[in-house]
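# Report on the structure
Next come the chains, spelled out residue by residue.
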Amino acid sequence: MKREEILELVKQYYAEQFAQKAFEPGKTMIPFAGRIFDEDELVTLVDASLDFWLTTGRYAEEFEAKFAQYMQQRSCMLVNSGSSANLIALSTLTSPLLKSKRLKPGDEILGVAAGFPTTVNPVIQNGLVPVFVDVELDTFNIKVSAIENALSDKTKAIMLAHTLGNPFDLDAVKAIADKHGLFLIEDCCDAVGSTYDGKMVGTFGDLATTSFYPAHHITMGEGGSVLTSNPLLKRIATSMRDWGRDCYCDPGCDNTCGRRFKGQYGDLPQGYDHKYVYSHIGYNLKVTDMQAAVGVAQLKKLPLFVEMRKANFKKLYAGLKKYEEYLILPEATPKSDPSWFGFPFNVRENGKFTRTQLAEFLESKKILTRQLFAGNMTRQPAFKDVSYRVVGSLENTDYIMHNTIFIGVYPGIDDERMSYILSVFDQFFNTIH
Amino acid sequence: MATISKATVLSVEEHGPEIREYSLQPEKNYYFEAGSFLLLTLEQKDDYTRWPDSRNFSIASAYSENGTIRLIIRKVGMYTEKIFQELIPGASCVLKYAFGDFLLPFFDKSGDICCIAGGTGIAPILSFAEQMQKQGQQSRLQVFYSFKNKEEQPGLDILKAIVPEPNLHLFCTREEIQGIPNRRIVWSDIVNSGFDFQTAHFYICGGEEFTKYFVGNLKTVQAENVYTDEW
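Remember, predicted model here, so these are calculated numbers, not experimental data.

Quick look at the overall build of chain A now. Tallying secondary structure elements over chain A gives 12 helices and 14 strands in all. Over its C-alpha trace chain A gives a radius of gyration of 23 Å, about what one expects of a compact globule, namely 22 Å for 433 residues. Put simply, chain A has 433 residues, and 59% of those count as buried. The long-range fraction of contacts in chain A, counting pairs at least 24 apart against all pairs at least 6 apart in sequence, stands at 73%. If you sum the accessible surface of chain A, you get close to 18000 Å²; carbon and sulfur atoms cover 53% of it. In chain A, 47 positive and 52 negative side-chain charges are present, and the distance between their average locations comes to 3 Å.

Written out as structure tokens, the structure is:
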């Protein structure tokens, strides 16, 4: 049987199995996020599996090159999740190859406590100390006026997420990082396609990360990437991802450098096989070519996905503006054009209803909601025995923990679903007036 | 990951019987760092299977929008002889790029860059020169380049066009050429150029003995940033 015949059957299978079902208001679930795909993803996935190369191959090569171009970066390294990407990005800065610039245990990394835990966990996992400052209620991003006060002679880096796709104030944060010689890591897991001052997020810092989990802007099932335009950071990040090895051969290749048995490393004997020389305490966080194959098909759709997210955000904003008496609506950071992950808002503390009551009402109508991930991370059980420093109050972070929810803007929300979502909000507010 | 791409030979320029300069047009044009090297195979590989027999060559040009890649190849054995026979204008080969650690400084934006090259070791230095020119920083470059004779001086036109004249130091080892010392590069040439050995970056690319000689001397002055590309 020819490969083309198999792939033709896959297209037929897609048409039979994944045909879109009609939307039934109140019965069809409207998730906060979801994978959007067509026959292309199934075809590339099966095509990659028929190669049976399994580890990273032609599809990973194509995805890394094209995604780097899309993100306006010189290089992209695929990893198996956005959280792994954050772990690799932060661990990269601990490399001895960075000489005096490397991060050492006890050094402090500035961030915020309102967000997803794996933006902060790599700091702790590397023996470093997270330092938290508060966030703004309307952008959900770091309060830049609080940063300078939080710096100490141990501060070596700033690591922040662009919350739910909304870029943080990159002018201010970058200026502080440059002034104090700090590394900057941009967690873009929820912000693929967001721009600031006309440039892609991720291009301002030393390293950037993305996630390709099904909830994200594009997916490959499990997946993520580390992006950088610095060749040394790329080299270190690749080593960290690939067991910590010194060798840079691609999978299935030997002796790319031509010096496999010629070097002398550490206290190893002269000529020790370079394939088994380790310059870092690394991990294995690689993806398979089948994941990358799905990513290649998704990448073609990404520009459209981004536009649809922006359009859905605008519709929700316009539809909910009349309820500002009760809701603090999200505001894009000045100079930014967010590719929103979701539509977050705070329920103002009022005597009529709570965030939970609104969430329960929406969920009862099949509109799924989420809170802003970990809320105030320092209040999570996992942080009980963790050493961290808080500078100033985390008043807004706590407010978000109590009052924020977000709903979806993902491209699966069409006009019919959007009208339904807005009508459900109308129903809710009609009951409380 | 590295990029695997078919490439067509655009032109071949001879620099004597042993050295040729190839201009190649890869089908895929993705960014690579100046100073990187690639693998070239004559097998017409079009699937993602184990990489076949190939040879490594430094890329002698910086990344460009039009995607052209320049290589300088010396005939040293059977495989390079085969390359000389088969790679004529219009012919194709397969490239896998880009690799290597012989790259421009990663963080330092102002320190001197001293390049010491012998023969075809000039290839990655040409890549540096083009990249530095793009960044408007060619005045940071000091290039020490030794070649055998008038015929075997690949890349000299490029260097003369990019590197400021006082920063380009030429040496011809086996022929008298007016205005060019008829000798090898020696350590005192480097010392007398007034580098700050703590802040300058030293890139050495040549044969084993050539590299050893300069690395050894740089060690004696505790030079901080020394990079080698030895073939």
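And the narrative resumes.
What follows deals with the confidence of the model for chain B. For chain B, mean pLDDT is 95; residues scoring 70 or higher make up 100% of the total. For this predicted complex, the interface score ipTM comes out at 0.90, while the overall pTM is 0.95.

Time to look at the interface of chain A and chain B. Listed per partner, the contact involves 30 residues of chain A and 29 residues of chain B. When the buried area of chain A at its contact with chain B is split by residue, Glu-61, Arg-74 and Asp-250 of chain A rank highest and sum to 24% of it. Linking chain A with chain B are 4 salt bridges, by the criterion used here. We note a salt bridge from Arg-235 of chain A to Asp-101 of chain B, for which the minimum N-O separation is 2.5 Å. Here chain A and chain B share 9 residue pairs in polar contact (both at pLDDT 80 or more) between them. If you list the elements that add at least two residues to the side of chain A that touches chain B, you get α3 (58-70) and α8 (231-241) of chain A.

This part is about a nonpolar patch on the surface. A surface patch of nonpolar side chains, about 460 Å² in accessible area, is lined by Trp-243, Tyr-272, Tyr-276 and Tyr-278 of chain A. One can find Trp-243 of chain A in the loop between α8 and α9 (289-320).

In this section: the environment of Leu-368 of chain A. Relative to the helices and strands, Leu-368 of chain A is located in the loop between α10 (355-364) and β13 (389-390). Those residues within four positions of Leu-368 of chain A in sequence are excluded, and the remaining contacts are Met-29, Ile-30, Pro-31, Phe-32, Glu-363, Phe-406 and Ile-407 of chain A.

Counted by the stated rule, this structure contains 39 salt bridges over all chains. Across the pair Lys-28 of chain B and Glu-61 of chain A runs a salt bridge whose closest N-O atoms are separated by 2.7 Å. You can see Lys-28 of chain B sitting in the loop between β2 (19-26) and β3 (37-41) and its partner Glu-61 of chain A sitting in helix α3, one on each of two chains. Looking at Lys-28 of chain B, the relative accessible area reads 32%, which means it is partly exposed. A relative accessible area of 2% means that Glu-61 of chain A is categorised as buried.

All right, on to the sheet that holds strand β4 (residues 155-161) of chain A then. All names here are of chain A. A sheet is described by the order of its strands in space; here 8 strands give the open sequence β1-β9-β8-β5-β4-β2-β3-β13, paired in mixed fashion. Across the chains shown, the open sheet's two edge strands, defined by having one partner strand only, are β1 (75-79) and β13. One ladder, built from 3 bridges, connects strand β5 (residues 183-187) with strand β8 (residues 207-211); its direction is parallel. Counted as the bridge partner of Asp-187 is Thr-209 from β8. Against the sheet, helix α4 (residues 82-92) contacts β1, β4, β5, β8 and β9 (224-228), and its axis sits at roughly 165° relative to β8.

All names here are of chain A. Along the polypeptide, Lys-275 turns up in the loop between α8 and α9. Here the side chain of Lys-275 touches Cys-253 through a polar contact of 3.0 Å, landing on its backbone oxygen. Separated by 3.1 Å, the side chains of Lys-275 and Asp-254 make a polar contact. Beyond its immediate stretch of four places on either side in the chain, Lys-275 contacts Arg-245, Cys-247, Cys-249, Cys-253, Asp-254 and Arg-260.

Okay, the packing of aromatic side chains next. For the structure shown, the criterion picks out 50 aromatic pairs over all chains. Consider the rings of Phe-128 of chain B and Tyr-203 of chain B, whose centres lie 4.9 Å apart with planes at 70°: the pair is edge-to-face. Placement of Phe-128 of chain B in helix α2 (residues 123-134) and of Tyr-203 of chain B in strand β10 (residues 201-206) is noted, with a sequence separation of 75 residues between them. For Tyr-203 of chain B, a relative accessible area of 0% puts it in the buried group. Among the aromatic residues, those joined into a ring-pair cluster are Phe-313, Tyr-317, Trp-340, Phe-343, Phe-345 and Phe-425 of chain A. The ring of Phe-183 of chain A has Lys-101 of chain A lying over it, and the distance from NZ or CZ to the ring centre is 5.2 Å. Its end group placed over the ring of Phe-107 of chain B, Lys-101 of chain A keeps NZ or CZ at 4.8 Å from the ring centre.

Here we take up the environment of Asp-187 of chain A. Residues and elements named next belong to chain A. Counting through the fold element by element, Asp-187 comes out in strand β5. Taking the C-alpha atoms as reference points, Asp-187 and Ser-419, separated by 232 residues in sequence, lie 32 Å from one another. Sequence-distant contacts of Asp-187, that is, excluding residues within four places in its chain, are made with Asn-86, Thr-119, Leu-160, Ala-161, His-162 and Thr-209. Of the polar contacts made by the side chain of Asp-187, one reaches the side chain of Thr-119; its length is 2.7 Å.

So, about α10 of chain A. Each α-helix winds once per 3.6 residues, and so residues spaced three or four apart point in a common direction. Residue and element names in this part refer to chain A. Among the residues of α10, Arg-355, Leu-358, Ala-359, Phe-361 and Leu-362 are the ones counted as buried. Looking down the long axis of α10, one finds its buried residues gathered within 160° of arc, a one-sided arrangement. On its buried face, α10 is in contact with β10 (327-328), β12 (342-347), α11 (395-403), β14 (404-408) and α12 (415-432). Directly after α10, the chain includes Lys-366, whose backbone phi takes a positive value near 70°.

All names here are of chain A. Where α4 meets α8, the axes come as close as 9 Å, and the angle between the chain directions of the two elements is 125°. Classed by the angle they form, the pair α4 and α8 counts as oblique. Between α4 and α8 lies a crossing whose hand is right-handed. Across from Ile-88, Ser-91 and Thr-92 in α4, the residues of α8 making contact are Leu-233, Ile-236, Ala-237, Met-240 and Arg-241. Tallied by class, the residues present in the contact of α4 with α8 amount to 5 nonpolar, 2 polar and 1 charged.

Attention shifts here to the packing of helix α1 (residues 3-17) of chain A against helix α2 (residues 39-51) of chain A. For any two helices packed against each other, the geometry comes down to the angle between their axes and how far apart the axes lie. Residue and element names in this part refer to chain A. Relative to each other, α1 and α2 sit at 145°, their axes nearing to 9 Å. Handedness of the α1/α2 crossing: right-handed. Residue-level inspection shows Arg-3, Ile-6, Leu-7, Val-10, Lys-11, Tyr-13 and Tyr-14 of α1 in contact with α2, the latter providing Glu-39, Leu-42, Val-43, Val-46, Asp-47, Leu-50 and Asp-51. For the contact of α1 with α2, a count of residues per class yields 9 nonpolar, no polar and 5 charged.

Once that is clear, we can look at the pairing of β5 of chain A. Residue and element names in this part refer to chain A. Of all 5 residues making up β5, 5 are buried, and the element is well covered by its neighbours. One ladder, built from 5 bridges, connects β4 with β5; its direction is parallel. Residue Ile-158 lies in a different strand from β5, and its bridge partner there is Leu-184. Following the chain from β4 across helix α7 (residues 170-180) to the adjacent parallel β5, one finds a crossover that is right-handed.

So, about the sheet that holds strand β11 (residues 336-337) of chain A. All names here are of chain A. Spatially, the 3 strands line up as an open sheet ordered β7-β6-β11, and their pairing is antiparallel. Two strands bound the open sheet, and with one partner strand each, they are β7 (199-200) and β11. Summarising the sheet, strand β6 (residues 195-196) and β11 pair through 2 bridges and their orientation is antiparallel. Following the sheet pairing, Tyr-196 is matched in β11 by Ser-336.

Cut-offs and rules
- Per chain, residues are indexed from 1 in the order of the written sequence.
- Each chain is given a letter, starting from A, and each ligand a number, starting from 1, according to the order in which they appear as written.
- Local features in a predicted model are, by the rule used here, given only for residues with pLDDT of at least 70; side-chain atom pairs are given and counted only at 80 or more, and totals for whole chains, interfaces and linings are based on all residues.
- Derived side-chain values reflect all non-hydrogen atoms in the structure, with water molecules and hydrogen atoms excluded from consideration.
- Helix and strand definitions follow DSSP, with helices as H or I runs of at least four residues and strands as E runs of at least two, each counted in order from the N terminus.
- Computation of the radius of gyration draws on C-alpha atoms, with the globule rule given as 2.2 Å multiplied by the number of residues to the power 0.38.
- To sort residues, take the accessible area from a 1.4 Å probe on protein chains only and compare it with the maximum for the residue type: under 20% means buried, over 50% means exposed, and anything in between is partly exposed.
- Contacts between residues were defined by any pair of non-hydrogen atoms, one from each residue, lying within 4.5 Å.
- Computed with the Shrake-Rupley method and a 1.4 Å probe, the accessible areas treat only the protein chains shown as cover for residues.
- A positive count includes Lys and Arg, and a negative count includes Asp and Glu. His and the chain ends are not counted in either.
- For the purpose of locating charges, the reference atoms are NZ of Lys, CZ of Arg, CG of Asp and CD of Glu.
- What pLDDT expresses is the predictor's confidence in each residue, scored from 0 to 100.
- Buried area: the accessible surface (1.4 Å probe) lost by two parts on joining, summed over both.
- One side-chain nitrogen of Lys or Arg within 4 Å of one carboxyl oxygen of Asp or Glu is enough to make a salt bridge.
- Polar contact is defined as a pair of N or O atoms within 3.5 Å, subject to the rule that within protein one atom must be able to donate a hydrogen and the other to accept it, and that residues adjacent in sequence are counted only when both atoms are side-chain atoms.
- Two joining distances apply to patches: 9 Å for like charges and 5 Å for nonpolar side chains (Val, Leu, Ile, Met, Phe, Trp, Tyr), and every residue must have over 30% relative accessible area and no salt bridge.
- At least two DSSP bridges between two strands are needed for those strands to be called paired.
- Geometry is summarised by axes, namely lines fitted to C-alpha atoms with helices restricted to the contacting stretch, and by angles between N-to-C directions that run from 0 to 180 degrees.
- Classification of ring pairs rests on two measures: the distance between centres of Phe, Tyr or Trp rings, Trp counted by its six-membered ring, which must be within 6.5 Å, and the angle between planes, read as stacked under 30 degrees, edge-to-face over 60 and tilted in between.
- Placement of a charge over a ring requires the Lys NZ or Arg CZ to be within 6 Å of the ring centre, with the centre-to-atom vector within 35 degrees of the ring normal.
- In this description, one arc is meant: the one made by directions from the helix axis to the C-beta atoms.
- Put simply, angles under 35 degrees are roughly parallel, angles over 145 are roughly antiparallel, angles from 65 to 115 are roughly perpendicular, and the rest are oblique.
- Left-handed describes a crossing whose near helix is turned anticlockwise from the far helix by less than a right angle; the clockwise case is right-handed.
- For this classification, Asp, Glu, Lys and Arg are treated as charged, while Ala, Val, Leu, Ile, Met, Phe, Trp, Tyr, Cys and Pro are nonpolar and the rest, including Gly, are polar.
- Here is how to tell: hold the view so the strands point away, follow the path from the first strand over the helix to the second, and if it runs clockwise the crossover is right-handed.

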